[in-house]
Protein chains: 2
Amino acid sequence: MTATRIDGKAVAADLRAEIAVKVKAFEARARRLPGLTVVLVGEDPASEVYVRNKGIQTREAGMVSNEIKLPGTTSQAELLAVVATLNADPAVDGILVQMPLPQQIDTQAIIEAIDPAKDVDGLHPANAGRLNQGIEALTPCTPLGCMILLEKSGVQIAGANAVVIGRSILVGRPVAALLLAANATVTIAHSRTRDLAAVCRQADIVIAAVGKPELVRGDWIKPGAAVIDVGINRVAADSGKTKLIGDVHYESAAAVADVITPVPGGVGPMTIACLLQNTLTAACYREKIDPKSL
Amino acid sequence: MTATRIDGKAVAADLRAEIAVKVKAFEARARRLPGLTVVLVGEDPASEVYVRNKGIQTREAGMVSNEIKLPGTTSQAELLAVVATLNADPAVDGILVQMPLPQQIDTQAIIEAIDPAKDVDGLHPANAGRLNQGIEALTPCTPLGCMILLEKSGVQIAGANAVVIGRSILVGRPVAALLLAANATVTIAHSRTRDLAAVCRQADIVIAAVGKPELVRGDWIKPGAAVIDVGINRVAADSGKTKLIGDVHYESAAAVADVITPVPGGVGPMTIACLLQNTLTAACYREKIDPKSL
């Protein structure tokens, strides 16, 4: 058996096209466009690429994109002042402060300063709490992307045994909350788990989000399982250059699983698409429009 | 083998005695006493008993106890106004609005109106989020009680397989977050779980919080496991009266487990003791005193 490869690029492109249609419907009702502002502090090259891509895709979806670039020497007080201005700006529906932030800034203080209603990264504790309590919330983008890939692949989530490997605030914990809300029986495994292979072997759905290259092997996978690989690990390639690989050993896992995401081209492309979806959702909440009605 | 019975009454009495000592240390440093205000709306007899017991134990621990009793006809706006007054009162460290509330009041709106810093029930989404993100938070009382019972019984939590049966906001989800923070591998099972018995049989620690009388039987329990029964179910007794039983069939489970809590007398008595602990913790945070330094 060879698993069906989930094409994250294609699913993300479809989602962005759907969002673009909904943005027009939003505009017709709210008489304005949804707006996303990304704040970049310093000159991290990877962050600059990411912010540029966010801007391009935001505009392609028909939304207003703003980028605020601040020097790497920006103080916490200065960044807090920028966040306060964006919180107060009625044209801004989504605020994304690009991580990582320079050392002199307390990341958690910045996250908690963002108006939860504009927190399109879904990292504010108020959103994490609402998500965990099963209340309407802005949800971190990567976990949302994992759920959409499962749904689009026809994976039955309700009643399934789902194992999440990794317990980060960005992925592991929120994806566990989403799987639980979708009625899976959810196990959260991590570095302190005894016999991770045995835990993983019981899973109908595996979410690998641990940041360890090819940790999950084919013999960890239950035949017929769905495997979502969130890992993005840069390693040396035979060519002398580097390449990206996931937390799952793709070839051996694909020989056993029913569906599986590749790295790259799986979960990765979903993240920005979900950011756009969150921005539209935030705009709807702010305008008291039911997002499902668009 | 017969399991050791965990005496929740004794653990709770010890905890209250410890808190009373710490309250004196708090007073010496803050030059005031911690204060808890309980708000009771309407005349539910069970709630009245519970509020009275909270008042007695709060005073016995040396703290200031206030009770605000409002008629069952109180409107949401009136209750919100009371909460706002308590939020603004510097002498109030903890606010507890006794549930259930009358129909005309939106419970979630009240929970979200309480200052998270005074939310000694730990139900505000901001506290749920902080708990889920592994940040310092006020934690719901019953889950906190479960953790203390495990620790006082010498149960090894790190690396253990813990199964939480039930996913309520009050118990299941927060106790899962606490077990995860203590490095257990945590599975959350619920009504949609397939083969709950098999899931439960893998658990080194079982937390039953589902509200189904004696659902969990001895043959669901792994030999040597720790069993914490959060269920409080009132059922008809042979005498024609009623009695309280848990979610676990005590006799059969006690024959297999290593340690087990009875119902009543297990988790129940811990709840008010943990409320007192939360009130002291909230008072410490407000006075910028490290609770561990008391």
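Residue positions are counted from 1 within each chain, in the order its sequence is given. Lettering of chains starts at A and numbering of ligands starts at 1, both following the order in which they are written. Where local features are concerned, this predicted model is filtered to residues with pLDDT of at least 70; where side-chain atom pairs are given and counted, the filter is 80 or more; whole-chain, interface and lining totals use all residues. Calculated side-chain values reflect all of the structure's heavy atoms, with hydrogen atoms and water omitted.

### Topic: the domain arrangement of chain A
And then number 1: Domain delimitation in this document rests on an assignment produced automatically or drawn from a domain database. The domain architecture assigned to chain A consists of domain 1 (29-117) and domain 2 (141-268).
And then number 2: Computed over C-alpha atoms only, the centres of domain 1 of chain A and domain 2 of chain A are separated by 29 Å.

### Describing the UniProt feature "binding site: NADP(+)" (unreviewed entry) in chain A
And then number 1: In the numbering used here, UniProt assigns the "binding site: NADP(+)" (unreviewed entry) feature to Gly 166, Arg 167, Ser 168 and Ile 232 of chain A.
And then number 2: Counting from the N terminus, the helices are DSSP H or I runs at least four residues long and the strands are E runs at least two residues long. Looking at the secondary structure, you find Arg 167 of chain A in the loop between β5 (161-165) and α7 (172-181).
And then number 3: Between two residues, a contact is recorded if the distance between any of their heavy atoms is within 4.5 Å. Beyond its immediate chain neighbours, meaning those up to four positions away, Arg 167 of chain A contacts Gly 172, Arg 173, Ile 188, His 190, Ser 191 and Arg 192 of chain A together with Leu 180 and Asn 183 of chain B.
And then number 4: Counting of polar contacts relies on pairs of N or O atoms within 3.5 Å, with two restrictions inside protein: one atom must be capable of donating a hydrogen and the other of accepting it, and residues adjacent in sequence are counted only when both atoms are side-chain atoms. A polar side-chain atom of Arg 167 of chain A sits 3.5 Å from a polar atom in the side chain of His 190 of chain A.
And then number 5: Relative to the assigned elements, Ser 168 of chain A resides in the loop between β5 and α7.
And then number 6: In this view, Ser 168 of chain A contacts Arg 173 and Pro 174 of chain A; residues no more than four positions away in its chain are not counted. UniProt positions are given in the numbering used here, feature names are shortened, and annotations may be inferred rather than shown by experiment.

### Here's the deal with the side chain of Thr 187 of chain A
And then number 1: Along the chain, the position of Thr 187 of chain A falls in strand β6 (residues 185-189).
And then number 2: What makes Thr 187 of chain A buried here is its relative accessible area of 10%.
And then number 3: A polar contact is formed between the side chain of Thr 187 of chain A and the side chain of Thr 187 of chain B, at a distance of 2.5 Å.
And then number 4: Residues in contact with Thr 187 of chain A, not counting those within four places in the same chain, are Ala 162, Val 163, Val 164 and Val 199 of chain A together with Thr 185, Val 186 and Thr 187 of chain B. When a residue's accessible area, from a 1.4 Å probe over protein chains only, is under 20% of the maximum for its type it is buried; when over 50% it is exposed; and in between it is partly exposed.

### Observations regarding the pattern of salt bridges
For side chains bearing opposite charge, pairing can occur when the charged atoms are close.
Residues and elements named next belong to chain B.
And then number 1: A side-chain nitrogen of Lys or Arg and a carboxyl oxygen of Asp or Glu constitute a salt bridge if their distance falls within 4 Å. Counted according to the given criterion, the structure contains 14 salt bridges over all chains.
And then number 2: One salt bridge in this structure joins Asp 93 and Arg 286, with 2.7 Å as the shortest N-O distance. With Asp 93 in the loop between α3 (76-88) and β4 (94-97) and Arg 286 in helix α10 (residues 268-286), the pair connects residues that are 193 residues apart, well separated along the chain.

### Quick notes on the pairing of β6 of chain A
And then number 1: Counting buried positions along β6 of chain A gives 5 out of 5 residues, so the element sits mostly inside the fold.
And then number 2: Of the two faces of β6 of chain A, the one carrying Thr 185, Thr 187 and Ala 189 of chain A and the one carrying Val 186 and Ile 188 of chain A are both buried.
And then number 3: Should DSSP find at least two bridges between two strands, the strands are regarded as paired. Pairing of β5 of chain A with β6 of chain A involves 5 bridges; the strand directions are parallel. Looking across to β6 of chain A, one finds that Asn 161 of chain A is bridged to Thr 185 of chain A.
And then number 4: With the strands pointing away from the viewer, any crossover whose connection runs clockwise from the first strand over the helix to the second is right-handed. In this region the chain leaves β5 of chain A, passes through α7 of chain A and returns to the parallel neighbour β6 of chain A; the handedness of that crossover is right-handed.
And then number 5: Note that β6 of chain A and strand β6 (residues 185-189) of chain B share 3 bridges and pair antiparallel.

### As for the relation of the copies chain B and chain A
And then number 1: For the least-squares superposition of copies, only C-alpha atoms count, and only for residues with pLDDT at least 70 in both. For the pair chain B and chain A, the best superposition has an RMSD of 0.0 Å and corresponds to a rotation of 180° with a translation of 0.0 Å parallel to the axis. The relationship between the two copies is best expressed as a two-fold rotation axis.
And then number 2: Interface residue correspondence from chain B to chain A reaches 100%, placing this contact among same-surface, isologous pairings.

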